[in-house]
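Understanding the architecture of this molecule
If you want the building blocks of each chain, they are given just below.
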Amino acid sequence: MSDAPLTEYEEHQLVLGDLLNHVLDKGLVISGQVTISIADIDLVALDLRLLLTSVQTALERQNAPRYADAPLLPSRRRRR
Amino acid sequence: MPTHLYCLLVADAAEKPPLPDVSGVLGVGGAPVRRLRLGAAGIDAWVSTIDEARSLDRGDTAARALAHNAVVDAALATGGTPVPARFGQRFADDADCIADIERRAPALRALLHRVAGCVEMGVLLAERGVDAGRPEVLEETRVPRSSEAHAGRRYLEALRVRAHIDDQTRVEADSALERVSSVVRPLVREESRAQNAQGAWSASHLVPREAVSRYRDAIRELGRIGEFQLVVAGPRGPYSFVGEASAEGIGHDSGKLNSGD
């Protein structure tokens, strides 16, 4: 087992990724309908891919390939 | 012009001096943030006008999501607790936004009351992937090329091994989060657990402001549980505890840990 603590950079990336997950997937939905257009959802996914790839890379560098095939966004985001 | 909603605040709290200089806060796309006062509802909505021309430039969604959160942070910095809106909601105009909020005013006031005085803190389980990193496990979980002998069988075996590792991780993560819960229970009001799209586990807690530093200390003291290193996130707006405000009421996926506060 590697006991080396995460670097400050790795922690920052994890926290940033977690924050983005919260902003995009949680919070008050007041209008009763999803207001992000289909095209925008794809772009959210694309942008998240770019950003979270760095998190993914950090994890992979720490020998965590088990998430290599995990979807970048949960399928439930793809609504409407 | 379309309106972007950032968060809601109790109108009374926003009036207390020092009054936040909302006009100095910039939101998504650098748009100035405005405050819509719903006097009868007792709610303030922080919004900005969406510049259609700029919104066509969608190459920076992650940055815009962070800009959205920065406004929620600015609201949090006023001393009140905002109910953060999920990123991406837009209304036809201010009147449309106000109408939607007013329709749900009782439920929204209850929600504002529920999170009052609190912030959201998070604990992330950062995992080094010990088993998955071992060469034999890497080989066992490798997806074979179609040209390899017995590729179909090896593929299914790789899936089975990976599923087993995931199950094991889930059990260990649950156990670690249970330990975290038991330690922070006296400090928090509610808890919400989640696994993000990358498979990482986390717990979010609704923490009274005065307990934030004790919360941090408690997590730091734990440091590591098994192969998981604990990473603290927050304070942030209580995204995990505000759910949806439908016509029927409000739903959320959190669980109460300590209703005695």
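Residues numbered from 1 in each chain as written. Chains lettered and ligands numbered in written order. Predicted model: local features only at pLDDT ≥ 70, side-chain atom pairs only at ≥ 80, totals over all residues.

Observations concerning the packing of helix 8 (residues 151-184) of chain B against helix 9 (residues 212-222) of chain B
Residue and element names in this part refer to chain B. With their axes 10 Å apart at the nearest point, helix 8 and helix 9 run at an angle of 140 degrees to one another. The angle between helix 8 and helix 9 places the two elements in the oblique class. In the crossing of helix 8 with helix 9, the sense of the turn from one axis to the other is right-handed. Side by side, helix 8 and helix 9 meet where Val-180, Val-183 and Val-184 of the first sit next to Tyr-215, Ala-218 and Leu-222 of the second. Considering only residue class, the contact of helix 8 with helix 9 consists of six nonpolar, no polar and no charged. (Axes fitted to C-alpha atoms, helices over the stretch in contact; angles between N-to-C directions. Helix = DSSP H or I, 4+ residues; strand = E, 2+ residues; numbered from the N terminus. Parallel < 35°, antiparallel > 145°, perpendicular 65-115°, else oblique. Left-handed = near helix turned anticlockwise from the far one by under 90°. Contact = placed C-beta atoms within 7 Å. Nonpolar A, V, L, I, M, F, W, Y, C, P; charged D, E, K, R; others polar.)

Focus on the nonpolar core
All names here are of chain B. In terms of nonpolar packing, the biggest core is built from 64 residues, with Tyr-6, Cys-7, Val-71, Val-83, Leu-125 and Val-207 touching the most fellow members. When residues are assigned to domains, this core turns out to be shared by domain 1 (3-115) and domain 2 (118-129 + 171-256), each giving three or more. Excluding its chain neighbours within four sequence positions, the residues that come into contact with Val-71 are Tyr-6, Cys-7, Val-25, Gly-27, Val-33 and Trp-46. (Core = buried A, V, L, I, M, F, W, Y, C linked by C-beta atoms within 7 Å. Buried ≥ 20, exposed ≤ 12 C-beta atoms within 10 Å, placed from the backbone. Domains from an automatic or database assignment.)

What to know about the domain arrangement of chain B
Residue and element names in this part refer to chain B. If you check the domain split of chain B, you get domain 1 (3-115) and domain 2 (118-129 + 171-256). Between domain 1 and domain 2, the residue contacts involve 12 residues of the former and 12 residues of the latter. If one sorts the elements of the side of domain 1 that touches domain 2 by residue count, helix 5 (residues 105-115) sits on top with four residues. Taken together, the residues that form the side of domain 1 that touches domain 2 break down as 10 nonpolar, one polar and one charged.

Considering the confidence of the model for chain A
Atom-level detail of predicted coordinates should not be read off regions where pLDDT is low. Residues and elements named next belong to chain A. Residues of chain A with pLDDT of at least 70 account for 34%, and the chain-wide mean is 57. Low confidence marks residues 32-59, where pLDDT is under 50. Its contacts with residues over four positions away, or in another chain, come to 42 contacts. Overall, residues 61-80 carries pLDDT values under 50, and its contacts beyond four positions in sequence, including any with other chains, amount to 43 contacts. (pLDDT = per-residue confidence, 0-100.)

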